Amino acid sequence: MPDVDVIVVGAGPAGSCAAIVLARAGKKVVLIERGPFPGSKNMYGGVVYPRILDQLIPEWWLEAPIQRWVTRRSTMIMTDTKALTIDFRSQAWGAPPYNGATAYRPDFDAWLADHAVAAGAELICSTTVTGLLHDANGHVSGVVTDRPDGELTASVVIACDGVNSFLAKQEGLYGEFDAANYTLGVKETLALPKDVIDERFGVRGTDGVDIEIIGCTGGVNGGGFIYTNLDTIAVGLVLKLPKLAAQKQRPEQLIARLKAHPAIAPLVEGGEIKEYSAHLIPEAGISMLPTLAGNGILLAGDAAALCLAAGIWLEGVNFAMASGMYAGQAAAEAIRSKDTSVAGLAGYQRRLEATFVLKDHRKLRRAPELVLSDRVQHLYPEFATSVAERMFRVDNPEPKPGVRKIVAQERKRVGIRRRDLAKDGLAGLRSFG
Amino acid sequence: MIESPWPEISFEDRIGTASFNVHHTAHIVVDGKVCADCSTRECIVACPANLFVPTSDGGILFNYEQCFECGTCYMVCNREGAITWNYPEGGYGVVFKRT
Ligand SMILES: Cc1cc2nc3c(=O)[nH]c(=O)nc-3n(C[C@H](O)[C@H](O)[C@H](O)COP(=O)(O)OP(=O)(O)OC[C@H]3O[C@@H](n4cnc5c(N)ncnc54)[C@H](O)[C@@H]3O)c2cc1C
Ligand code: SF4
Ligand code: SF4
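A. Spotlight on the overall build of chain B. If you tally the helices and strands in chain B, you get four helices and six strands. Counted from the first residue to the last, chain B has its helices and strands arranged as α-β-β-α-α-β-β-α-β-β. Projected onto the principal axes, the alpha-carbon positions of chain B cover approximately 40 × 40 × 20 Å. For chain B, restricting intrachain contacts to residue pairs at least 6 apart in sequence, the fraction spanning at least 24 positions comes to 63%.

So this is what it looks like as structure tokens:
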């Protein structure tokens, strides 16, 4: 008999949701976290989309540790001296059932883990899982930890150990490693008085702002972001690893460059750095997806590369919560039917395919590559902003040129081939349309 | 290049804003012999914690203490055996607060 029914490794959003489901299904579940408390190792940009929690914690918004509700979302395309912004506001997003919310991960992840404990899961912190145990048939049968006598056996192990998932790698569930599938996220949490944030970002109360930026990462392919918390703002970048490694500017220098941009400086000026942080993102979507189940093991969240990082979308927490929840359901089902082999755990893949988790990834499968492509990163920002500049510039006594003429001239000047523009436009329509 | 309109803080002050519960044994070990032959040195520019420092004799000085445990270094390094990478013992290492 195994020690417990299920071991969940990692108390991030994926692990805690898996543990909640299993504990409520009456399974004996242990949730192991290497940090001193859940969330202590976790860093992200700043916005969670918790709608999926309706299925686990009704009216979660009454109790979740939220900073602000995002009611204003801007997408900014910039060059060193210009910026073109699409600015969207919806007051509906500031009231139940809400849309996105800013939150600190050490708060949010700890809160979610509390729900797992309340449901009956046993949470063990300050414990690093160092490997998987296997039975005579090669099925995963438990984990090894760095505690004295630290072996623990279970019918199923759910690996929710994040982007580096050494458990998935040990089990051979990933294909060939490619650093180009990953981006480095770096950010600064800057302190500013609440009324200053409200004024600069044009919001009141607990309304908040999400700004996504393209064209702000120098020679590195990637993107930038600014999110408002109550009395801090998060400013950061995501940077494609091989490109970052192949040039000269360090991550914090690239952040300094963004903060100095004329469109950004007035927003961040005077903000005192409260915390500098970094974390990796699995960025390549469906094209890097590992095998999601093995005999006695399931992968969920970033460990399964299920983070959706498609340019103006950076959603990982909701994909982690959902995949963790479905992994928990599939594991409970497999234990009930006394078959925890790959075949017995097939309910996991089925659930992911039937819901947004894999549907969104399949729909947006071309998006990560397109958004991080050299043209979108290094040519289109100059093209779009210079078209805007010429449209809004008054060149009297010259008459106004037609928009078509401006577009054709700027396309040529920037050096974009018509063929490529059409191709990327089509790829964009296919992925986002 | 855009000039910063206000002074940037030193890297020491920057990394000092994050909290680390340092264990006495290193979770990442870098083999200086491998690094000595490396001309590309991806780790130096990419490590967000600036922990890989080139020395005057062409080597690499590495200190594990103020590490984000992100994984960037072992991913960008192309040399087999240069970096032995593990998580710190449970409960040790970086502790994020407002991230
Ligand atoms: C810069 C950046 C910006 C982002 N912005 C957003 C955003 O705005 N919105 C959004 O939704 N998503 C965002 N994401 C993505 C999001 O953070 C992740 O997709 C999400 O955290 C994945 O959750 P998870 O539970 O799978 O993994 P994690 O949150 O990484 O949790 C994994 C857990 O496992 C633990 N662990 C790991 N290994 C072991 C081990 N061996 N033993 C014990 N415990 C272990 C870790 O300590 C950690 O607690 C961003 C990510 C980054 C880096
Ligand atoms: S760690 Fe890797 S990239 Fe850095 S100097 Fe050594 S061999 Fe080169
Ligand atoms: S894990 Fe990250 S912070 Fe630590 S040494 Fe490697 S690159 Fe630097």
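Moving on from the model shown.
B. Examining the nonpolar core more closely. Judged by nonpolar contacts, the single largest core of 150 residues is most densely connected at A:L53, A:I158, A:Y348, B:F68 and B:I83. Broken down by element, this core gets its largest block of residues, 13 residues, from helix α8 (residues 317-336) of chain A. When residues of this core are assigned to domains, at least three fall in each of domain 1 (4-66 + 103-175 + 287-363) and domain 2 (179-282) of chain A. If we skip the residues at most four places from it in the chain, A:L53 touches A:C17, A:P58, A:W60, A:F108, A:W111, A:L112 and A:M321. If you look at the next biggest cluster of nonpolar residues, it comprises 10 residues, including A:Y49, A:V238, A:I281 and A:C307.

C. Representation of the site of ligand 2 within the structure. Taken together, the residues surrounding ligand 2 are B:C35, B:C38, B:R41, B:E42, B:C43, B:I60, B:C77, B:R79, B:A82 and B:I83. Each residue belonging to the shell around ligand 2 can be placed in one class, and the counts come to seven nonpolar, no polar and three charged.

D. View of the confidence of the model for chain B. Summarising the model, chain B shows a mean pLDDT of 94, and 94% of its residues fall at 70 or more. Predicted complex metrics record ipTM = 0.96 and pTM = 0.97.

E. Summary view of the site of ligand 3. Among the 15 residues in the neighbourhood of ligand 3, the closest are listed as B:C47, B:C67, B:C70, B:G71 and B:C73. In terms of residue class, the shell around ligand 3 is built from 12 nonpolar, two polar and one charged.

F. Layout of the domain arrangement of chain A. Once the domains are mapped, chain A shows domain 1 (4-66 + 103-175 + 287-363), domain 2 (179-282) and domain 3 (373-432). Once you take the C-alpha centre of each, domain 1 of chain A and domain 3 of chain A turn out to be 44 Å apart.

G. Summary view of the side chain of A:S165. Residue and element names in this part refer to chain A. Take S165: it is sitting in the loop between β10 (151-159) and α3 (166-170). In this structure S165 comes out as buried when scored by relative accessible area, which is 1%. Side-chain polar atoms of S165 contact the backbone nitrogen of A168, separated by 3.1 Å.

H. Molecular detail of the packing of aromatic side chains. Scanning the entire structure with this criterion turns up 19 aromatic pairs over all chains. Ring centres 3.5 Å apart and planes at 15 degrees place the aromatic pair A:W69 and A:Y98 in the stacked group. You can see A:W69 sitting in strand β4 (residues 68-78) and its partner A:Y98 sitting in the loop between β5 (83-89) and β6 (101-102), a full 29 residues away along the chain. No difference in accessibility class separates A:W69 from A:Y98, as the two residues are buried. Ring centres of A:F177 and A:Y182 lie 5.9 Å apart, and the angle between their planes is 25 degrees; this geometry places the pair in the stacked category. According to the relative accessible area criterion, A:F177 is partly exposed, its value standing at 42%. Note on A:Y182: relative accessible area 4%, which makes it buried. Within the aromatic cluster, the residues linked to one another by ring pairs are A:Y276, B:F11, B:F20, B:F68 and B:F96. In this structure, A:R105 packs its charged tip against the face of A:Y44, placed 5.0 Å from the ring centre. Positioned above the aromatic ring of A:Y276, the side-chain terminus of B:R14 is 4.7 Å from the ring centre.

I. Highlighting the packing of α8(A) against helix α10 (residues 356-363) of chain A. Residues and elements named next belong to chain A. One way to put it is that α8 packs onto α10 with a least axis distance of 10 Å and a crossing angle of 135 degrees. As summarised for this structure, α8 and α10 are arranged oblique, according to the angle between their axes. Counting all contacts with α8, which are made through N318, F319, A322, S323 and Y326, the residues of α10 involved are F356, V357, D360 and H361. Looking at the contact of α8 with α10 residue by residue, the class counts come to five nonpolar, three polar and one charged.

J. Representation of the pairing of strand β11 (residues 182-191) of chain A. Residues and elements named next belong to chain A. Counting buried residues along β11, 10 of its 10 residues qualify, which places the element largely inside the surrounding structure. The two faces of β11 match: Y182, L184, V186, E188 and L190 on one face and T183, G185, K187, T189 and A191 on the other face are all buried. Relative to strand β15 (residues 272-282), β11 runs antiparallel, the two sharing 10 bridges. The residue bridging L184 from the neighbouring strand is L280, located in β15. Where β11 and strand β14 (residues 232-240) come together, nine bridges link them in antiparallel fashion. Each residue of the ladder has a partner; that of L190, found in β14, is I233.

Cut-offs used in this document
Positions within a chain are numbered from 1, following the residues in the order the chain's sequence is written. Whichever chain is written first is A, and whichever ligand is written first is 1; the rest continue in order. The predicted nature of this model means local features are confined to residues of pLDDT at least 70 and side-chain atom pairs, given and counted, to a pLDDT of 80 or more, with totals for whole chains, interfaces and linings taken over all residues. Only hydrogens and water are set aside when side-chain values are computed; all heavy atoms of the structure are taken into account. Strands are runs of DSSP state E lasting at least 2 residues, helices are runs of H or I lasting at least 4, and numbering of each runs from the N terminus. What makes two residues a contact is simply this: any of their non-hydrogen atoms within 4.5 Å. Side-chain atoms within 4.5 Å are what join buried Ala, Val, Leu, Ile, Met, Phe, Trp, Tyr and Cys residues into a set we call a nonpolar core. The buried label applies to any residue whose accessible area, calculated with a 1.4 Å probe on protein chains only, is under 20% of its type's maximum; exposed applies above 50%, and partly exposed to all values in between. Note: domain ranges come from an automatic or database domain assignment. For each residue, the test is whether any non-hydrogen atom lies within 4 Å of the molecule or strand; if one does, the residue is near. Throughout this entry, Asp, Glu, Lys and Arg are counted as charged residues, while Ala, Val, Leu, Ile, Met, Phe, Trp, Tyr, Cys and Pro are counted as nonpolar. The remaining residues, Gly among them, count as polar. Scored between 0 and 100, pLDDT is the confidence that the predictor attaches to each residue. What qualifies as a polar contact is a pair of N or O atoms within 3.5 Å, subject to a donor-acceptor requirement within protein and to the restriction that residues adjacent in sequence count only when both atoms come from side chains. Only Phe, Tyr and Trp rings are paired, with Trp represented by its six-membered ring, and only when their centres lie within 6.5 Å; those with planes under 30 degrees apart are stacked, over 60 edge-to-face, the remainder tilted. Here, a charge over a ring means that NZ of Lys or CZ of Arg falls within 6 Å of the ring centre while also lying within 35 degrees of the ring normal. Think of each axis as a best-fit line through the C-alpha atoms, taken over the contacting stretch in the case of a helix, with angles from 0 to 180 degrees between the N-to-C directions. Just so you know how the angles are binned, under 35 degrees is roughly parallel, over 145 roughly antiparallel, 65 to 115 roughly perpendicular, and the rest oblique. Two strands pair if DSSP finds at least two bridges between them.

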